[in-house]
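# Chain and residue survey
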Amino acid sequence: MAEAVYVRFQSSVPDKRGNYPGVFSLVNKLAFKLMLSPAEERFRLENNAWYDANFADPAMVDPAVYNRDLNPGAAAWFKPSARHLIDRVTGYLEILDAHHISCVRLESRDPGRVIYEDPDQVVVVPYEVS
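Residues numbered from 1 in each chain as written. Predicted model: local features only at pLDDT ≥ 70, side-chain atom pairs only at ≥ 80, totals over all residues. Heavy atoms only, no water.

### Some thoughts on the packing of helix α2 (residues 38–54) against helix α5 (residues 89–98)
As a reminder of what qualifies: Angles run from 0 to 180 degrees between N-to-C directions of axes, and those axes are lines fitted to C-alpha atoms, restricted for helices to the stretch in contact. Under the DSSP-based scheme used, a helix requires at least four consecutive residues in state H or I and a strand at least two consecutive residues in state E, with every element numbered from the N terminus. For a crossing to be left-handed, the near helix must be turned anticlockwise from the far one by less than a right angle; the clockwise case is right-handed. Here, residues are in contact when the closest pair of their heavy atoms is within 4.5 Å. Lys, Arg, Asp and Glu make up the charged group, whereas Ala, Val, Leu, Ile, Met, Phe, Trp, Tyr, Cys and Pro make up the nonpolar group; the residues left over, Gly among them, are polar.
The contact between α2 and α5 brings their axes to 10 Å, and the two run at 150°. Between α2 and α5 lies a crossing whose hand is left-handed. Contact with α2, carried on its side by Glu40, Phe43, Arg44, Asn47, Asn48 and Tyr51, involves Val89, Gly91, Tyr92, Ile95 and Ala98 of α5 and no other residues of that element. When the residues that make up the contact of α2 with α5 are grouped by side-chain class, the tally is six nonpolar, three polar and two charged.

Laid out in structure tokens, this is it:
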């Protein structure tokens, strides 16, 4: 039986701190810079609200999960069973593509040391920085 494959969508280039922001962070950053069209902003608001209602925010459950000193490089990965969440990412990817922001899909059977887990996702510290 094959092991589960976790999925992550992230920037193809690191930010100033050496981290690779995830798809939601990338789109939200465009919104904060007022770079989204009205239709893109509507999509972002509606879908962010949907995710908020259907998907736990690890930082709300454990405020230390993304602490850079405790968990350097911590990143969330979808579990394979979270198809209902993964399928909705397409619209975010389309927004990034329209703004020429590269976002890659990563898959891994073992993305790192698990520091948070819920039914839909894990947050891990990559092995090379843990």
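### Things to note about the packing of helix α1 (residues 23–32) against α2
To keep it simple, the criterion reads: Should an angle fall under 35 degrees it is called roughly parallel, over 145 degrees roughly antiparallel, and 65 to 115 degrees roughly perpendicular, with every other angle called oblique.
Following both chains from N to C, one finds α1 and α2 inclined at 135°, their axes separated by 11 Å at the closest point. Taken as axis vectors, α1 and α2 run oblique relative to one another. Considering only the axes of α1 and α2, their crossing is left-handed. Contacts between α1 and α2 involve Phe24, Val27, Asn28 and Ala31 on the former and, on the latter, Glu41, Arg44, Asn48 and Tyr51. Looking at the contact of α1 with α2 residue by residue, the classes come out as four nonpolar, two polar and two charged.

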